[in-house]
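These are the residues of each chain, in order.
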Amino acid sequence: MDHSVLTILDLGIIAAYLVIMVLVGVYSVRRIQNTKDYYVAGRSFGPMVLMATVCATIIGGSGLMGRAGVAYTDGFKAVLTAIPYLLGMFIFSGIAGKISDIGMQYGITSIPELFERRFGRAAKITLSVLIAFAMMGTVASQVTATATIIRMLGGEFGLSYEMGALIATVVFMVYTATSGLFGVVYTDVLQFYMLIVFVYILIPVAALFNVGGFANFAANLDPALVEPHIDGSILGDIITYLVFTMAGAEMWQRAFAAKSRRAAKRGMFLGTAVYGVTIVLVYFMGVVGRQILGGDILAQYGSTDAVVPALAIRILPAGLTGLALAGMLSVIMSTADSYLLVSVQTCVHDIGKTIRPQMPERTEISLSRIFSIVLPLGALVIALYIHNAYNILMFAWSFYAASAGIPAFAALFWKKATKTGVIAGLLGGFVVCVGWKLAGQPFGLGAAVPGTVACGIALVVVSLATYKRAPSVFLKAEKQS
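Residues numbered from 1 in each chain as written. Predicted model: local features only at pLDDT ≥ 70, side-chain atom pairs only at ≥ 80, totals over all residues. Heavy atoms only, no water.

Focus on the overall build of the protein
The helix and strand inventory of the protein stands at 19 helices and 0 strands. Evaluated residue by residue, the protein yields a buried proportion of 60% over its 481 residues. Of the roughly 17,300 Å² of accessible surface on the protein, a fraction of 68% belongs to carbon and sulfur atoms. (Helix = DSSP H or I, 4+ residues; strand = E, 2+ residues; numbered from the N terminus. Buried < 20%, exposed > 50% of the residue type's maximum accessible area, 1.4 Å probe, protein only. Areas by Shrake-Rupley, 256 points an atom, 1.4 Å probe, with all protein chains shown as cover.)

Details of the packing of helix α10 (residues 232-247) against helix α19 (residues 448-466)
With their axes 8 Å apart at the nearest point, α10 and α19 run at an angle of 45° to one another. With respect to each other, α10 and α19 are oriented oblique. Together, L235, G236, I239, T240 and V243 of α10 and A448, V449 and T452 of α19 make up the contact between the two elements. Looking at the contact of α10 with α19 residue by residue, the class counts come to 5 nonpolar, 3 polar and no charged. (Axes fitted to C-alpha atoms, helices over the stretch in contact; angles between N-to-C directions. Parallel < 35°, antiparallel > 145°, perpendicular 65-115°, else oblique. Contact = heavy atoms within 4.5 Å. Nonpolar A, V, L, I, M, F, W, Y, C, P; charged D, E, K, R; others polar.)

Some remarks on helix α5 (residues 83-106)
Between its first and last C-alpha atoms α5 spans 34 Å; for 24 residues at 1.5 Å apiece the expected length is 34 Å, and the two agree. Along α5, the sharpest kink reaches roughly 45°, centred on I95. (Expected span 1.5 Å × (residues − 1). Bend = angle between axes of the 7 residues up to and from the residue.)

A few points about the confidence of the model for the protein
When pLDDT is averaged along the protein, the result is 80; 85% of the residues meet or exceed 70. Within the protein, helix α2 (residues 35-40) has the poorest average pLDDT of any element, 53, and α19 the best, 93. (pLDDT = per-residue confidence, 0-100.)

A word on the packing of aromatic side chains
This model, assessed by the stated rule, comprises 10 aromatic pairs. Considering the side-chain rings of F115 and F119, the 5.6 Å spacing of their centres and the 75° angle between planes classify their relative orientation as edge-to-face. On the criterion of helical spacing, the pair formed by F115 and F119 is a turn pair, its members being 4 residues apart in helix α6 (residues 111-119). Ring plane angle 45° and centroid distance 4.9 Å describe the contact between F409 and F413, whose orientation is recorded as tilted. Placement of both F409 and F413 in helix α17 (residues 389-413) is noted, with a separation of 4 residues, approximately one turn of the helix. Classification of F413 by relative accessible area gives partly exposed; the value is 35%. An aromatic cluster of three or more residues is present, and its members are F133, F399 and F430. A cation over an aromatic ring shows up here: R290 above the ring of Y72, its NZ or CZ 5.5 Å from the ring centre. (Phe/Tyr/Trp six-rings, centres within 6.5 Å; stacked < 30°, edge-to-face > 60°. Lys NZ or Arg CZ within 6 Å of the ring centre and 35° of its normal.)

What to know about the nonpolar core
Counting residues in hydrophobic clusters, the biggest one holds 134 residues, and the most contacted among them are L64 and I203. Membership of the second largest hydrophobic core comes to 7 residues, among which are F399, C433, W436 and V449. (Core = buried A, V, L, I, M, F, W, Y, C linked by side-chain atoms within 4.5 Å.)

Topic: a nonpolar patch on the surface
On the surface, M163, L166, I167 and V170 cluster together into a nonpolar patch covering about 290 Å² of accessible area. Among the secondary structure elements, M163 is positioned in helix α8 (residues 161-210). (Patch = residues over 30% accessible without salt bridge, like charges linked within 9 Å, V, L, I, M, F, W, Y side chains within 5 Å. Salt bridge = Lys/Arg side-chain N within 4 Å of Asp/Glu carboxyl O.)

Concerning the side chain of D10
Counting through the fold element by element, D10 comes out in helix α1 (residues 8-28). This buried residue, D10, is left without a salt bridge; R314 holds the nearest opposite charge, at 13 Å. Separated by 2.6 Å, the side chain of D10 and the backbone nitrogen of G319 make a polar contact. Leave out the neighbours within four places in its chain, and D10 touches A318, G319, L320, T321 and G322. (Lys, Arg positive; Asp, Glu negative; His and termini not counted. Polar contact = N/O pair within 3.5 Å; in protein donor to acceptor, adjacent residues only side chain to side chain.)

Here we look at the packing of α5 against α10
The contact between α5 and α10 brings their axes to 8 Å, and the two run at 15°. The orientation of α5 with respect to α10, classified from their angle, is roughly parallel. The two elements α5 and α10 meet at a crossing, and its hand is right-handed. Each of P84, Y85, G88, M89, I91 and F92 in α5 lies in contact with α10, whose residues at this interface are I238, Y241, L242, F244, T245 and M246. (Left-handed = near helix turned anticlockwise from the far one by under 90°.)

Looking at α6
With 7 of 9 residues buried, α6 lies mostly within the body of the structure. Among the residues making up α6, those that are buried are I111, P112, E113, L114, F115, R118 and F119. Two residues or fewer after α6 comes G120, characterised by a positive phi angle close to 100°.

Observations regarding the pattern of salt bridges
If you walk through the whole model with that rule in mind, you get 1 salt bridge. One salt bridge connects E116 with K124, and the closest N-O pair in it is separated by 3.0 Å.

What about the environment of A454?
Among the structural elements, A454 can be located in helix α19. In the structure, A454 is positioned 51 residues away from S403 in sequence and 8.9 Å away in space, judged by C-alpha atoms. Every residue in contact with A454, bar those within four places of it in the chain, is listed here: G428 and V432.

Notes on the side chain of T81
As for its position among the elements, T81 is in the loop between α4 (77-80) and α5. Assessed through its relative accessible area of 0%, T81 is described here as buried.

Let's talk about unusual backbone geometry
In this structure, Q441 takes a positive phi of about 50° despite not being glycine. The backbone of F443 shows a phi angle near 60°, a positive value even though the residue is not glycine. You can see F443 is positioned in the loop between α18 (419-438) and α19. When its relative accessible area of 81% is taken as the criterion, F443 is described as exposed.

Focus: the environment of L464
Its place among the elements puts L464 in helix α19. Classification of L464 by relative accessible area gives partly exposed; the value is 49%. It is 8.0 Å that separates the C-alpha atoms of L464 and G421, two residues lying 43 residues apart in sequence. Setting aside residues no more than four positions away along its own chain, L464 makes contact with W414 and K416.

In structure tokens:
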């Protein structure tokens, strides 16, 4: 079952998959009647659809290929940095019902809109800029992961990393621009099942057969890859993941798109539970890749992101290799389109319509499609300079998590949070995080840690000092059916 060359059959399967994704996006364009259809799909999604899109979005190219690369080089770090995100998502599942209720009751479709209702336009614009920055970096991490796969697939045809990044960007553009959240979510459902069957089941099972069973795998396992250890950098990643879940704009969008509070909570919980299982499987694929592929992945492919696709090419027969690689592309695309749509909504709806409140709905949809083409070009530029998906993701998320995590939680639950306090928290977290990065991360501590602490202190102190003379409006939501 060991081979190292892609067949025409494999390439044909992958090409057919990419064409199908574009066609789904074009087909879904007929369902877009207004901005609520484009951004939150008319609040029509039930728990099973939400489960699939939540899990597919969470995993992403960095969560699959990037984290497997971390397991390949650093072993248990891949698990230590994934568990906080898992815990944070379970917490988010608990509050998703309230987010859904507030969205339905007040007509809110995004987290910046919530901030505007509670804290005013300045808070909305400040948060929107942070979201646009973070989402752009996340899309770039998916472009990077896709480009790595395409370079591996097309090496014999002369396809470079740069050409792969361009192809990935064009595909992301087409079906996000045409269909909005309808196309994004329903392609996510297809991608979710492809991912589970052809990546998370097929590759680990084939890898176990390749190494002679679990006993042989365990006997040959490098002890350094199973030793839990935490340093300042890992702690920074842990805090980033945990706090990011509180303000993850893409998950807030999913909660707003649920057809009921029950659908929001169940869908989020089920999607998170499936993601929990995949953490172990990604770790396994990374460390078993060390045994099957050897220790020169970085030298051979230029990035440790290549571990899982290289493993599939090495151990799977023709046809199944193509399906597995299409499954990897599916998880990357499911995350890229979700974050791209959030960045489009932020730029056009949350920033543009705040500046021009009378913007016609038809104009807003047209601008959203234009930005779905323009914004990926910015992500492409980032991907061309940083070739590691995990590094790009943590770079983008650390700033956003440090700045927006605690304020988002306060917007939902803390009555004494004020406009001045929230803006102080947003800016304080961002400035300290950036300053810590520029200072070279003293003591080896990840920038998200001091940034989050600074954000929390600024928000609480300033809010308590201004609450009596300038209280904000607290949004009470009635439970929706």
